[in-house]
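Working through the structure, step by step
Residue-level listing of the chains:
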Amino acid sequence: ARALTPQTAETDAIRFLVGTQSLRYDNQIHIIDFDDENNIINKNVLLHQVGEIWHISTSPADKGVLATCYNKTSDTKVMTCAAVWRMPKELESGSHESPDDSSSNTQTLELLCHLDNTAHGNMACVMWEPMGDGKKIISLADNNILLWDLEESSAKAVLSSSAALEGKGQLKFTSGRWSPHHNCTQIATANDTTVRGWDTRSMRQIYCIENAHGQLVRDLDFNPNKQYYLASCGDDCKVKFWDTRNVTEPVKTLEEHSHWVWNVRYNHSHDQLILTGSSDSRVILSNMVSISSEPFGHMVDDDELSDQEDQHQEEKIKEPLQDSVIATYEEHEDSVYAVEWSSADPWLFASLSYDGRLVINRVPRALKYHILL
Amino acid sequence: MAAVTAGSGAGSGPAGSPEATGGSAGSGGWRRPHGPLQRYYGPSTAEAAEAAPDPTDINGPHFDPEAFMTKVRSECPLGQLLAREAALGREIRALDSDMQTLLYENYNKFISATDTIRKMKVDFRHMEAEMDDLAANMAAISASSARVSAALQDRHRRSAQLAGVQALLRKLQALVEVPGRLRCWAETEPARALRCHTRARAILRHYRHLPSFRAIEDESHAIMADLAQRLRTRLRCETLDPKELTECVEMLLQLEEPAEELSEEFLSQAGARLEAELATLEAELPAADPSGTATTPPPPASDILDFVDRGSSAFVGTLCQLAGSYRALFGEDTGRLEPFASALATRYFALLERRLELERGLGDTSLLVRALDRFHRRLRALLELLPAGADAAAALVARAARERVDRYLRALQTFFLGCLGDVRQALAAPRPPGKEGPGLPDLLAKLATSVLGQLKAVLAYVQLFTARDVAFASLPYFKGEFCVTAVREGLVVAFVRWLCRTARGFADGPAERGAPAAPPALLLLLARLCLDYENSTIGYILTLTDEQFPPQDSGPAVTPGPALCAEARAAAQRLLDHYVQVQGAAVAQMLRKSVETRDWLGTVEPRNVRAVMKRVVEDITAIDVQVGQLFEEGVRRAQSSDSSRRAFSVYSSSRAPGRYAPSYTPSAPMDTHLLSNIQKLFSERIDIFSPVEFNKVSVLTGIIKISLKTLLECVRLRTLGRFGLQQVQVDGHYLQLYLWRFASDERVVQGLLDEVAASAAHRCLDPVPMEHSVVELICERG
């Protein structure tokens, strides 16, 4: 399984969606609820019969709406398509049925619309407009960027604009992210070793990081709090942080993994926390204080009322916070293809490996208090 | 009896003394009666005491005639008595005659004495008269002498006066002659004129109230002023050599010209002269080009040694001479001299520095050293005078030395880069078929020896700076700091560091930013070079350096050898890792492309191993050869060669079906992974991009791991048809067949290929594996 996403619109419950990949069976979308207080995982299964799921994303506005990229396999051809779905109402906000029940009577997703890609090639991923009302999505198909408007309560997808990447050879987007900054007018895409930025209004390229990685770029993410900062990862085992205003040099480079890095994610609220998943079966949580939006090493404002001594101690403790690896999680036995932060709890994240194992972890408590206090 | 008594009483005769009968009877006439007489008149007290009262001793002073008589009467018989009486009578008579003789003799003497006295009385009276005469004469003489001298005194005085006048006149004559002489000498022998004037001056000054003397003085003054004037003009306009100058000023000083002014003049004159010398020196330097170094300065006309030689003999010599004479002339007060000399010296230093700057090239170091040495030696004399200049000069020499060392470092670096360029070219040069190009070991050896040789040569050159016969080598700077800071740290350590850095640069820098990446063989070569440095060369170089430039105990801290070794090792590790990554990436790229571009669904039944796999094996074999040239074999996990075949057959026949099995069972999809998960629990985790060891097997294992992992990940991204799976199976078997021998642990290869097969099966729509025998057949045929 490769597809994992938090339920973006859900802000109370910790919920992840996982898409399965199976060629020979009906594929499913598993809705994983994690009860933080009782440490119980609750699972609901939705059938996704059209094909194996390569990418999944949820609407930021409507809890019940999600989009998948899936493989449609015929005898001689594999085609990756994308569609927008709605899950049954009762599952939208999570259910408290027993796992046995949910697995026995699986429910089916309701197809809202197809994103017609017959002219554009294989869909690599679907991105929802962050902060938006769930009306706009962008999909990457081979070398095309397609901007869709969902109309009639998502029942119909209209291609509003598109852009194609021209160049010699077979260019193919591997992934992309929609920037939450600049009024959601920028996206970044990755193809081969290059990272490109696009303006969604004009659908023109606005920046280009040539040779961002020595090999294929696998994933990108925007810093949610600093508008020009971008993280990328790739087959050269590195995670790089870029300032998109200066594309010649990375701001910072991490080399912690021993194989391709498939995923990089900023924490939604504390952007010093970086999560990376790699095919060396490890998930690494890093603390990049130096390039985060957090003021470096102290928060005096909060402590102004407390007496001086406390403040001193406070600062002493905060001082040693350096860029560092916080933890390496080695629970997975196979390559980790997806990592995601929960949208509800900023201290919680999930990681998914090839063998289908989903692991939910928390940020270490000490660090959490360190950041909070 | 009475007669006897009377006789004996009133001068009785000698016959009466009985003692004469004894000893004195036979002796001569005059001495015999002397004794008794003497005894009578003056008996010694001793005698008196001794001769205690013996009243019977007739010669004794206590003679008692009664007692004697009584004794004689009572003791002596008559005969004896008579005899005695006769003897006594005889004695008395003898005594009487003696007495008479004596009396007579004495009387005669008295008479003659009285006569003599009377005669003397008469003589004295005569003499007195003569004496009076004499006194009178003497008085007359003295009176006449006084008269004579009184008469002569006046004359004498006059003659003395005349002599004085004559001397004075002679002196006056000399004085009068002074102006003439002065005039005469002033033209030709100013020094003599000056001496003359000095002698005359005091007198003239003393008698200046006399008009005539004043005239002389004035005249001589005028002459001397004239002389002074002339000297001054000479001082001002003529170019004098320092000796003349000194003389000139000395004379002027004697002429009581104001010292202040003179010293100023002297300095300005000397300054002009020195300036001229500096200008000569400067003329040799190419004009400073304010517009920058648009045109390369022409090569200097003379070499540096010549320049310094002339500079020091002309400028420094003159400066020393002048400073010495200044001191002699104006005393020890050097308040004016010091700034003057230091200003000039500073200019000279500046000139020299400019000249030194011209020594851009590496030129002949020995020449430079000799030049600096000469400079330093010459300057030493001057430095006693100018303590501040000592530091400046030492600093200048040190700077020059430091500069030279830096230049050597740069030259070394350029040389190394040149060598690297050669190596690159040799590597890149197309090799004519059949003829092998130079092997990597040859290249490495050539590179290492040439770099080391160059380094040694440079050290030898630099050592000239500290040679024993070079004067400035004994400066504390050259003894301590130069050895340690400049040579050891600045040259040797910096070079090794730079070498490591450059080597690392090949690994770190260009790979990602699209710059032309270094050829992998070069990386390998550099890795080996760094490793060699770590193992032996650094130690050797440092020992050599420490021998040639013994560090001082209290010197600044030096970089220890182990730190450098660690640096070199890190660089080597980094390079080798990078080599593995580059080669791995190359192979992986090939595999990735081959997997991505193939239509795995629609492929036909495999008949051959895909060409790309053969290529992979070929490439890895080539890498094996390449690495083998430079690195040792390394240890592989002990397993005999045929065991691998067996292991592979085990994998193919028994394990593979076991792994594929779950795919057929209609259980939940999760079960598929369960088995493989359990299997993985027992196998080690494989780090793909992990540091490798410095041996061939480790390097190749690294490359193979990277390649196979790529294959695995790529296969997982595809959807395969039945024949696609079979093709993967064939390819995997082929790889297994040829790659195991390169890897340190064939189980790694096997495990990865297992996973590839499992993933392929998982990604297959219709997983029907090929018969193992067919697979083997195809592989062997291919």
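Please read all numbers here as calculations on a predicted model, not as lab measurements.

1. Focus: the overall build of chain A
Along chain A, the regular secondary structure elements total five helices and 28 strands. For chain A, the proportion of its 373 residues judged to be buried stands at 58%. Put simply, 50% of the contacts in chain A that link residues at least 6 apart link residues at least 24 apart. Accessible surface for chain A amounts to roughly 15,100 Å². Of this, 46% is attributable to carbon and sulfur atoms.

2. Thoughts on helix 24 (residues 746–762) of chain B
Every α-helix carries 3.6 residues per turn, so stepping three or four residues along brings you back to the same face. If you check helix 24 of chain B, its first and last C-alpha atoms are 24 Å apart, about what 17 residues at 1.5 Å a residue would give, namely 24 Å. Taken across its 17 residues, helix 24 of chain B has 14 buried, putting it largely inside the fold.

3. Some thoughts on the pattern of salt bridges
Across all of its chains, the model carries 18 salt bridges over all chains by this definition. The partner of R201(A) in a salt bridge is D199(A), and the shortest N-O contact between them spans 2.9 Å. Given the relative accessible area of 11%, D199(A) is considered buried. Ionic pairing is found between R615(B) and D619(B), a salt bridge with its closest N-O pair at 3.6 Å. One end of the pair is R615(B) and the other is D619(B), both in helix 19 (residues 611–630) and four residues apart, which spans about a single turn.

4. Observations concerning unusual backbone geometry
Residues and elements named next belong to chain A. Non-glycine residue N183 carries a positive phi angle of around 60°. One non-glycine residue, S281, lies in the positive phi region at around 70°. Tracing the chain through its elements places S281 in the loop between strand 23 (273–278) and strand 24 (283–287).

5. Focus: the environment of Y25(A)
Of note, Y25(A) is situated in the loop between strand 2 (14–19) and strand 3 (27–35). Taking the C-alpha atoms as reference points, Y25(A) and Q49(A), separated by 24 residues in sequence, lie 8.6 Å from one another.

6. Some details on the UniProt feature "repeat: WD" (unreviewed entry) in chain A
Here the UniProt-annotated "repeat: WD" (unreviewed entry) positions come out as residues 210–246 of chain A. Structurally, residues 210–246 of chain A comprises 0% helix and 46% strand, and the distance from its first C-alpha atom to its last is 12 Å.

7. Observations regarding the packing of helix 17 (residues 520–548) of chain B against helix 18 (residues 561–597) of chain B
Residues and elements named next belong to chain B. Running from amino to carboxyl end, helix 17 crosses helix 18 at an angle of 170°, the nearest separation of the two axes being 8 Å. Overall, the two elements helix 17 and helix 18 adopt an arrangement that is roughly antiparallel. Pair helix 17 / helix 18 crosses with left-handed handedness. Here the contact of helix 17 with helix 18 is built from residues that sort into 20 nonpolar, three polar and two charged.

8. So, the packing of aromatic side chains
Taken as a whole and judged by the stated rule, the model has nine aromatic pairs over all chains. With a centroid separation of 4.7 Å and an interplanar angle of 50°, the aromatic rings of Y734(B) and Y738(B) are classed as tilted. With Y734(B) and Y738(B) both in helix 23 (residues 722–739), this residue pair falls four residues apart, about one helical turn. A relative accessible area of 26% places Y738(B) in the partly exposed class. One aromatic cluster in this structure is built from W260(A), W262(A), Y337(A) and Y354(A). In this arrangement the basic side chain of R218(A) is found over the ring face of W262(A), its NZ or CZ atom lying 4.3 Å from the centre. One residue, K226(A), lies across the ring of Y229(A), its end atom 4.2 Å from the ring centre.

9. Observations concerning the confidence of the model for chain A
Residue and element names in this part refer to chain A. Model confidence for chain A is summarised by a mean pLDDT of 79, while 86% of its residues fall at 70 or above. Taken as a whole, residues 97–104 scores under 50 in pLDDT and shows five contacts with residues more than four places along the chain or in a different chain. Residue range residues 297–319 is modelled with pLDDT below 50. Its contacts to residues more than four positions away, or to other chains, number 16 contacts.

10. Describing the side chain of K240(A)
Within the secondary structure, K240(A) is located in strand 20 (residues 239–243). Among the polar contacts listed, one links the side chain of K240(A) to the backbone oxygen of A212(A), at a separation of 3.0 Å.

Scoring rules and cut-offs
- Residues numbered from 1 in each chain as written.
- Chains lettered and ligands numbered in written order.
- Predicted model: local features only at pLDDT ≥ 70, side-chain atom pairs only at ≥ 80, totals over all residues.
- Heavy atoms only, no water.
- Helix = DSSP H or I, 4+ residues; strand = E, 2+ residues; numbered from the N terminus.
- Buried < 20%, exposed > 50% of the residue type's maximum accessible area, 1.4 Å probe, protein only.
- Contact = heavy atoms within 4.5 Å.
- Areas by Shrake-Rupley, 256 points an atom, 1.4 Å probe, with all protein chains shown as cover.
- Expected span 1.5 Å × (residues − 1).
- Salt bridge = Lys/Arg side-chain N within 4 Å of Asp/Glu carboxyl O.
- UniProt positions renumbered as here; feature names shortened; annotations may be inferred.
- Axes fitted to C-alpha atoms, helices over the stretch in contact; angles between N-to-C directions.
- Parallel < 35°, antiparallel > 145°, perpendicular 65-115°, else oblique.
- Left-handed = near helix turned anticlockwise from the far one by under 90°.
- Nonpolar A, V, L, I, M, F, W, Y, C, P; charged D, E, K, R; others polar.
- Phe/Tyr/Trp six-rings, centres within 6.5 Å; stacked < 30°, edge-to-face > 60°.
- Lys NZ or Arg CZ within 6 Å of the ring centre and 35° of its normal.
- pLDDT = per-residue confidence, 0-100.
- Polar contact = N/O pair within 3.5 Å; in protein donor to acceptor, adjacent residues only side chain to side chain.

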